[in-house]
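Examination of the molecular architecture
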Amino acid sequence: MQVKTIKSLFRSHKESALFGRYIHGENIEPLFEKFTGKFQINQVGKSVNGLPIHTITFGSGDKKILMWSQMHGNESTTTKAVFDMLNVFLEENNEIKHVLKHCKICIIPMLNPDGAKLYTRLNANKVDLNRDAQELSQPESVVLHSVFEDFKPDFCFNLHGQRTIFSAGSVNKSAAVSFLAPAQDEDTTVTPTRKIAMEVISVMNESLQEQIPDQVGVYDDSFNINCVGDSFQALNVPTLLFEAGHFAGDYNRERTREFIFQSLLVSLDYIASNNVDGDNYKSYFKIPQNEKLFFDIIIRNTKEQDIAVQYSERLIEGSIAFVPEIVKISDLSDFFAHRVIDANGYEVFKEDGSVLKAGSEIDFVMINNEKFSLKS
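This write-up is about the structure you can find in this document. (Residues numbered from 1 in each chain as written. Predicted model: local features only at pLDDT ≥ 70, side-chain atom pairs only at ≥ 80, totals over all residues. Heavy atoms only, no water.)

This next bit is on the overall build of the protein chain. Summing up its helical and strand segments, the protein chain has nine helices and 17 strands in all. A compact globule built from 376 residues would reach a C-alpha radius of gyration of about 21 Å, and the protein chain, at 21 Å, matches this within 12%. Each principal axis of the C-alpha distribution contributes one length, and for the protein chain these read about 65 × 45 × 45 Å. Counting only residues that meet the buried cut, the protein chain has 56% of its 376 residues in that class. In the protein chain, the proportion of contacts linking residues at least 24 apart, taken out of those at least 6 apart, comes to 76%. Accessible surface, the protein chain: about 16,100 Å² in total, of which carbon and sulfur atoms supply 44%. Charged side chains of the protein chain number 38 positive and 51 negative; the gap between the two group centres comes to 3 Å. (Helix = DSSP H or I, 4+ residues; strand = E, 2+ residues; numbered from the N terminus. Rg over C-alpha atoms; globule rule 2.2 N^0.38 Å. Buried < 20%, exposed > 50% of the residue type's maximum accessible area, 1.4 Å probe, protein only. Contact = heavy atoms within 4.5 Å. Areas by Shrake-Rupley, 256 points an atom, 1.4 Å probe, with all protein chains shown as cover. Lys, Arg positive; Asp, Glu negative; His and termini not counted. Charge placed at Lys NZ, Arg CZ, Asp CG, Glu CD.)

So, in structure tokens, the structure goes:
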């Protein structure tokens, strides 16, 4: 599928009801109505607080793909991309009819509705669902496991979002999108199952490189059987981790949303059109490893040491605020930033003239009697 075609599909099918970072059940449930009659929509369980968890299923093919989004409630970008993609399949465009013919797709668009409502990574019991794959101590974990057992997927897409701290390798390129074919054993063996996942990731990476060269990374593949992706991979089901990352100035993750949308369509097109056997996996290893080399802001060339600022995401009165916090005062010459402020050799103070300290939340700094905003 050509990038030009996919970009056109995104422009014409982007779900206008979803925008920004704060996406929860009240945002997505009204969208189900337009899918009724075309897709199968089922309530498959409830969260700790009794909020419904749904699946959306469509397609009539033999190749079965299971996707789930917002396992972490504050990782909403992939949920937006999922609904953009659903709008495409709703119209059965000629470009994607073969996917509907050859694939059956089951999506849990929001696995952790309590966390989404509170804008937190954890569920209402303060449990990370992505560390509950074996114990299955939470109702949301049981829902996912039950859907997996009933649907018996040939592929799993584990849809997440990552922080702004990641670079794609050790260069000054932020990881706008990251992928992973999770390990399925302690030795991180490149198994036949992983090779299949790697092959599909390689195809998505090739497409993204046409638009965001050197901004795609591979997530750390250390093995943890308590993680859902590792657990499903260990059951010999090819599992792909998607991580929606940071693109320059895109704190609402609207550009990243498009890249995830494109990746979903590229991967489904490839699976539908090919016998994916893992033979073409080697280019996966050309994708650079994610490194934690970015801060949101670095104030450089101060009279003393560099100053790093990171945004803390807070739910305040129904919207997400990005609160600047001084996280490090040190020599940061080995790090990069999404924004650099040049102090030109001057000292940097708080707005009231007091000294900056790590751990301080602060909206403005003073440099040579000039006020600089640290807000996004």
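Read on for the rest.
We now examine the side chain of Ser 167. With respect to the helices and strands, Ser 167 occurs in strand S6 (residues 166-168). Among the polar contacts made by the side chain of Ser 167, one reaches the main-chain carbonyl oxygen of Gly 169 at a distance of 2.5 Å. Once you skip the residues sitting within four places of it in the chain, Ser 167 turns out to touch Lys 173, Ser 174, Ala 175, Gln 289, Asn 290, Glu 291, Leu 293 and Phe 294. (Polar contact = N/O pair within 3.5 Å; in protein donor to acceptor, adjacent residues only side chain to side chain.)

In total, this model carries 20 aromatic pairs according to the counting rule given. Taking 6.4 Å as the distance between ring centres and 20° as the angle between the ring planes, the aromatic pair formed by Phe 32 and Phe 83 counts as stacked. In this pair, Phe 32 is assigned in the loop between helix H2 (25-28) and strand S1 (40-46) and Phe 83 in helix H3 (residues 77-91), connecting sequence segments 51 residues apart. Side by side, Phe 32 and Phe 83 carry an identical accessibility label, which is buried. An aromatic cluster of at least three residues, connected via ring pairs, comprises Phe 32, Phe 35, Phe 39, Phe 58, Phe 83 and Phe 89. A cation sits over an aromatic face here: Arg 255 above Phe 247, 4.6 Å from the ring centre. Above the plane of the ring of Phe 364 lies Lys 371, whose end atom (NZ or CZ) is 4.2 Å from the centre. (Phe/Tyr/Trp six-rings, centres within 6.5 Å; stacked < 30°, edge-to-face > 60°. Lys NZ or Arg CZ within 6 Å of the ring centre and 35° of its normal.)

Counting across every chain of the model gives two cavities of 30 Å³ or more. Here the largest cavity is characterised by a volume of approximately 80 Å³. The wall of the largest cavity is formed by Met 71, Leu 111, Leu 129, Asp 132, Ala 133, Leu 136, Ser 141, Leu 144, His 145, Val 228 and Phe 232. Every element with two or more residues in the lining of the largest cavity is listed here: helix H6 (139-151) and helix H8 (228-234). With three residues, the top contributor of residues to the lining of the largest cavity is H6. What the second largest cavity holds in volume is close to 50 Å³. For the lining of the second largest cavity, the secondary-structure elements that each account for two or more residues are H2 and strand S2 (52-58). Among the elements that take part in the lining of the second largest cavity, S2 stands out by supplying three residues, more than any other. (1 Å grid on protein atoms, 1.4 Å probe; cavity = no way out; pocket = protein on both sides within 12 Å on 5 of 7 lines; lining within 4 Å. Points joined across faces, edges and corners; volume = space filled by probe spheres on them.)

Within the secondary structure, Asp 269 sits in helix H9 (residues 254-273). As a C-alpha pair, Asp 269 and Arg 314 span 45 residues in sequence and 37 Å in three-dimensional space. Sequence-distant contacts of Asp 269, defined by excluding residues within four places in its chain, comprise Met 1, His 98 and Val 99. Of the polar contacts made by the side chain of Asp 269, one reaches the backbone nitrogen of Met 1; its length is 3.2 Å.

Of note, Tyr 119 is a non-glycine position whose phi angle comes to about 50°, a positive value. Along the chain, Tyr 119 falls in the loop between helix H5 (113-118) and H6. The phi angle at Lys 126 is positive, at roughly 60°, despite the residue not being glycine. Within the secondary structure, Lys 126 is located in the loop between H5 and H6.

Empty space within the largest pocket amounts to approximately 1,000 Å³. In this structure, the largest pocket is lined by 45 residues; those nearest its centre are Glu 75, Arg 121, Gly 161, Arg 163 and Tyr 219. At the level of elements, strand S5 (155-161), H8, strand S9 (239-244), strand S10 (290-292), strand S12 (306-316) and strand S13 (319-330) are the ones that each hand at least two residues to the lining of the largest pocket. The residue inventory of the lining of the largest pocket, partitioned by class, reads 14 nonpolar, 17 polar and 14 charged. (Nonpolar A, V, L, I, M, F, W, Y, C, P; charged D, E, K, R; others polar.)

Our focus in this paragraph is the pattern of salt bridges. According to the stated counting rule, one finds 14 salt bridges in the structure shown. Close ionic contact of Glu 254 with Lys 80 constitutes a salt bridge, the shortest N to O distance being 2.6 Å. Taken together, the residues span a long stretch of sequence, with Glu 254 in helix H9 and Lys 80 in helix H3 at a distance of 174 residues. Grouping residues by exposure puts Glu 254 and Lys 80 together as buried. Arg 257 is the partner of Asp 84 in a salt bridge, and the nearest nitrogen-oxygen pair spans 2.7 Å. Remark: Arg 257 occurs in helix H9 and Asp 84 occurs in helix H3; sequence separation between them is 173 residues. As far as burial versus exposure is concerned, Asp 84 and Arg 257 are alike and both buried. (Salt bridge = Lys/Arg side-chain N within 4 Å of Asp/Glu carboxyl O.)

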